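Examining the three-dimensional arrangement
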Amino acid sequence: MAMFTAVSDLTAGWCFFSVALLVILAFCWVYVRKYQSRRESEVISTITSIFALAIALITSALLPVDIFLVSYVKNQNGTLKDWANPNVTSQIEDTVLYAYYTLYSIILFCVFLWIPFVYFYYEEKDEDDANTCSQIKIAFKYTLGFLLVCAVLLIIGAFVPLDIPSKKNSTEWEKIKLLFEELGSSHGLAALSFSISSLTLIGMVAAITYTAYGMSALPLSLIKGTRNATYERLENTEDIEEVEQNIQRIKSKCKDGRPLPTRDRRMLQQLEDRLRTLRRRGRHLENIEKSCWSKFCGAMRPLKIVWGVFFILVALLFTVSLFLSNLDKALHSAGIDSGFIILGTNLTNPLNMLLPVLQTVFPLDYILITIIIMYFIFTSMAGIRNMGIWFFWIRLYKIRRGRTRPQALLFLCMILLLIVLHTSYMIYSLAPQYVMYGSQKYLSPSNTTVDGHVTNGTTLVPKDCDADAPAEQCTVTRTYLFLHKFWFFSVAYYFGNWAFIAVFLLGLIVSCCKGKKSVIEGEVDEDDSDLSDDEPSLYYG
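These lines cover the structure that appears in this document, whether it is placed above or below. Since this is a predicted model, take the numbers as computed values, not measurements.

Definitions and cut-offs
- Residues numbered from 1 in each chain as written.
- Predicted model: local features only at pLDDT ≥ 70, side-chain atom pairs only at ≥ 80, totals over all residues.
- Heavy atoms only, no water.
- Patch = residues over 30% accessible without salt bridge, like charges linked within 9 Å, V, L, I, M, F, W, Y side chains within 5 Å.
- Areas by Shrake-Rupley, 256 points an atom, 1.4 Å probe, with all protein chains shown as cover.
- Salt bridge = Lys/Arg side-chain N within 4 Å of Asp/Glu carboxyl O.
- Helix = DSSP H or I, 4+ residues; strand = E, 2+ residues; numbered from the N terminus.
- Phe/Tyr/Trp six-rings, centres within 6.5 Å; stacked < 30°, edge-to-face > 60°.
- Lys NZ or Arg CZ within 6 Å of the ring centre and 35° of its normal.
- Buried < 20%, exposed > 50% of the residue type's maximum accessible area, 1.4 Å probe, protein only.

Looking at a nonpolar patch on the surface
Among the surface-exposed residues, Phe391, Phe392, Trp393, Ile394 and Leu396 lie close enough to one another that they form a single nonpolar patch of about 640 Å² accessible area. On the secondary structure map, Ile394 appears in strand β2 (residues 394–397).

So, in structure tokens, the structure goes:
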């Protein structure tokens with residue numbers, strides 16, 4: 001009977017995971033189609049973007065599955081379930097580990113081969129004299145650089161010694177032999193973990209840049225709303241009249257046939273460019289003013305304010321939890337040499353208390369973690385859309401609804417993929433004990449007391465699994481093994497959390513000081529062509 005119940009519960013869990021998989025694929029399709037340019041859309045870039053984003057979200061969905069499985073094999077009293085013999089538990093752990101192997105290998109394939117190849121392929125496609133064969137050759141040539149980086153990361157991860165030989169007089173052959181023994185015993189875990197940790201480090205930088213700012217920009221933009229389309233159109237009309245008057249004033253200087261001075265010619269060119277932009281703005285504002293979508297958004301304004309308040313409260317909750325977690329590591333960890341790994345929790349935070357409670361009612365913890373991941377995605381997208389894609393001080397691409405180029409879409413999905421990779425460590429920072437052990441308990445011997453006196457007898461009392469628990473009674477999640485394989489990455493993540501908090505607070509101040517955005521924010525820019533008006537927009541109805 002117990003075995004039948006276990007199988008039914010696990011079947012229900014996998015059914016839920018399958019439904020979540022379909023939801024993720026549908027979300028990725030809608031998300032990519034929402035932002036891609038209809039005029040420059042390409043089938044391969046669209047499929048690549050959808051696949052890369054789906055793999056990132058599926059990898060994040062594996063985190064609660066890992067936690068659920070290590071918790072499910074034990075009862076609430078700390079004993080193993082009847083069906084949970086060592087072979088079964090070992091098989092479950094191996095299944096999760098192989099799932100991580102597969103998904104992380106696909107991520108490496110996407111980041112270092114597929115996405116770069118498709119990106120450079122379409123970069124060469126912009127050349128007029130390029131044919132398909134030359135495009136493939138040049139794209140593959142540039143992609144070889146990414147493959148070289150991947151190979152270097154795998155080799156470093158495979159041969160970096162995690163244990164130093166105890167004998168100081170070890171020969172070089174013994175040291176080399178130790179390296180190969182470690183490589184063979186881990187079955188490539190160290191190499192893969194080092195490569196994924198390196199990508200997670202890049203994801204941390206992207207999260208600090210985009211997610212931290214988006215966590216403040218998105219809620220405040222919902223609360224403030226946008227400017228009124230009618231007032232904006234009237235102001236735009238006045239600007240058009242003013243620019244036209246300036247153009248006529250400059251042109252009047254050459255009525256007698258005299259050429260314009262260089263300064264006036266340059267000024268005239270700038271004014272004509274400005275006039276074209278204002279006229280495009282006018283057309284967009286007129287369409288928005290007449291659209292049913294803008295009227296619907298106006299009716300939903302109170303709901304947007306409620307969502308904005310909710311998002312800013314969630315952002316503050318995350319920030320406070322992250323601050324308390326980092327402060328706990330600063331005060332009670334073993335120091336920088338151990339990667340600021342903390343044994344136990346001294347300063348608890350709200351999320352670390354909430355997740356173990358929700359896990360007792362399946363699938364509330366899944367829902368909460370899904371909300372956290374989706375919240376990171378939406379705030380990251382808000383940050384990327386507001387800032388654009390930059391390489392240091394050079395702006396590479398803009399992200400706009402229905403007008404994003406295929407190359408920019410690939411960049412967008414790669415950044416989101418790396419950010420989602422970093423969410424695993426973010427969730428660990430917010431709820432370390434939950435990520436390590438879930439809701440597992442173990443039996444700890446305790447002296448019995450009779451009438452206030454301690455007797456020689458002992459009883460077994462269930463306790464929550466923590467770092468002090470016996471290793472044979474508490475199973476650590478596979479996620480935790482990937483996160484803490486190399487201590488120096490943990491150090492980088494620790495300082496990255498402080499940077500994340502600082503950027504969030506700075507972005508909160510900047511967002512509070514900024515006024516309302518234009519109703520066509522990002523839809524019309526001076527470097528757009530007139531053909532951009534032919535692009536469909538979600539605002540128009």
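Picking up after the structure, the text goes on.
Overview of the packing of aromatic side chains
For the structure on display, the rule yields 26 aromatic pairs. Consider the rings of Phe488 and Phe489, whose centres lie 5.1 Å apart with planes at 45°: the pair is tilted. Through successive ring pairs, a cluster of aromatic residues spans Tyr119, Phe120, Tyr142, Phe146, Tyr397 and Phe411. Seen from the ring of Tyr142, Lys141 lies directly overhead, with NZ or CZ sitting 5.4 Å from the centre.

As for the pattern of salt bridges
Counting across every chain of the model gives three salt bridges. Across the pair Arg279 and Glu244 runs a salt bridge whose closest N-O atoms are separated by 3.0 Å. Of this pair, Arg279 sits in helix α8 (residues 262–290) while Glu244 sits in helix α7 (residues 229–251), and the two are 35 residues apart along the sequence. Note that Arg276 is salt-bridged to Asp273, the shortest N-O span being 2.2 Å. On the criterion of helical spacing, the pair formed by Arg276 and Asp273 is a turn pair, its members being three residues apart in helix α8. Looking at Arg276, the relative accessible area reads 39%, which means it is partly exposed.

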